[in-house]
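Chain residues, written in single-letter form:
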Amino acid sequence: MILSGCKAGTSPLCILAHEGKTMAKLTREQIEALGLSPEHLPRHVAMIMDGNGRWAKARSLPRALGHRAGVTRLKGIIRLSSDLGIEALSLFAFSTENWKRPVEEIDTLCSLFVEFFIKEFDELHENRVRIRSLGDISKFPPRVSGLIRDAEEKTKANDGLKLNIAMNYGSRDEILRAARLAAAEPGGVTQESFERHLYTADSPELDLLIRTSGEQRLSNFLLYQASYAELIFTEDFWPDFSDERYVDVLRQYARRSRRFGGLEDTKQ
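Residues numbered from 1 in each chain as written. Predicted model: local features only at pLDDT ≥ 70, side-chain atom pairs only at ≥ 80, totals over all residues. Heavy atoms only, no water.

(A) Quick look at the sheet that holds strand 4 (residues 162-169). Across the sheet, which stays open at both edges, the six strands sit in the order 3-4-2-1-5-6 with parallel pairing between neighbours. Looking at which strands have only one partner, the edges of the open sheet turn out to be strand 3 (130-134) and strand 6 (230-233). Averaged over neighbouring strand pairs, the angle between their axes works out to 20 degrees when direction is ignored. Pairing of strand 1 (residues 44-48) with strand 5 (residues 208-211) involves four bridges; the strand directions are parallel. Across the sheet, the residue bridging to Ile-48 is Arg-211, located in strand 5. Sitting on the sheet, helix 8 (residues 243-255) touches strand 1, strand 2 (88-95), strand 5 and strand 6, and the angle it makes with strand 5 is about 140 degrees. (Pairing = 2+ DSSP bridges. Helix = DSSP H or I, 4+ residues; strand = E, 2+ residues; numbered from the N terminus. Axes fitted to C-alpha atoms, helices over the stretch in contact; angles between N-to-C directions. Contact = heavy atoms within 4.5 Å.)

Shown next as structure tokens:
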């Protein structure tokens, strides 16, 4: 099937060539043309965007250019997630352990955060994307934390894609924080009170966690939320994680049987 605007022989993903274009929700017909079903898409996807430095090294480029390439790829992934109707996208941008990196690299990352929020905010806001940070952003310079807080405030009433950006985030810290806050409540720590204090409390339960670059570990990201999530690890470095590759991963997810500790349905 060739979709409107696509030339014969091209991938259906030509409709998702976002350069210079705004977001646009895909129809059921367009989603099915990608080999996907709206009913079998994950509601909440998380991504460990790994491999920017190695991508740059493989091309004899400075690490800073790898991070810039990663931010460029991030724009397309956000747009595609929104267009497909995925409800929440959680991105691991900066961990509590990343402060161990060289000061020059941290400064580069902070500059890219600022550039991203300045350049992309208007389009995200116009498309009803709700931005929320996961983690303690107070540790960042005011130019970074201020922009993030401003984006959160301005988009808090939006009803589109929930875009969660984990910055200065560590799952062990999040779990301890939630436990302390829940323990201070009159009823003490229960599953309900604990989950209410997680950074992701107003997002759907995590369905799919993707990590790029060939590493197969969670690296202290959404440990509690990933309890029953499907995990998919790809060899692609993050800047090479294309729209086509993302759709392929979503197809893999759709083929999996999610039993949540029970038995597979054997009814005929």
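Now that the structure is up, let's keep going.
(B) Fine view of the pattern of salt bridges. Summed over all chains, the structure comprises 25 salt bridges. Across the pair Glu-32 and Arg-28 runs a salt bridge whose closest N-O atoms are separated by 3.1 Å. With Glu-32 and Arg-28 both in helix 1 (residues 28-33) and four residues apart, the pair spans about one turn of that helix. Residue Glu-120 pairs with Arg-79 through a salt bridge whose shortest N-O separation is 3.8 Å. Highlighted residues: Glu-120 in helix 4 (residues 103-126) and Arg-79 in helix 3 (residues 63-84), separated in sequence by 41 residues. This pair shows no difference in class: Glu-120 is buried, exactly as Arg-79 is. A single network of salt bridges, built from pairs that share partners, joins Asp-50, Arg-54, Arg-211, Glu-215 and Arg-217. (Salt bridge = Lys/Arg side-chain N within 4 Å of Asp/Glu carboxyl O. Buried < 20%, exposed > 50% of the residue type's maximum accessible area, 1.4 Å probe, protein only.)

(C) Quick peek at empty space enclosed by the protein. Within the structure shown, the criterion is met by one cavity of 30 Å³ or more. Size it by volume and the largest cavity reaches roughly 40 Å³. Forming the boundary of the largest cavity are Met-23, Lys-75, Ile-78, Arg-79, Phe-116, Glu-120, Glu-123 and Leu-124. At the level of secondary structure, the elements contributing two or more residues to the lining of the largest cavity comprise helix 3 and helix 4. Element by element, the count of residues in the lining of the largest cavity is highest for helix 4, at four residues. (1 Å grid on protein atoms, 1.4 Å probe; cavity = no way out; pocket = protein on both sides within 12 Å on 5 of 7 lines; lining within 4 Å. Points joined across faces, edges and corners; volume = space filled by probe spheres on them.)

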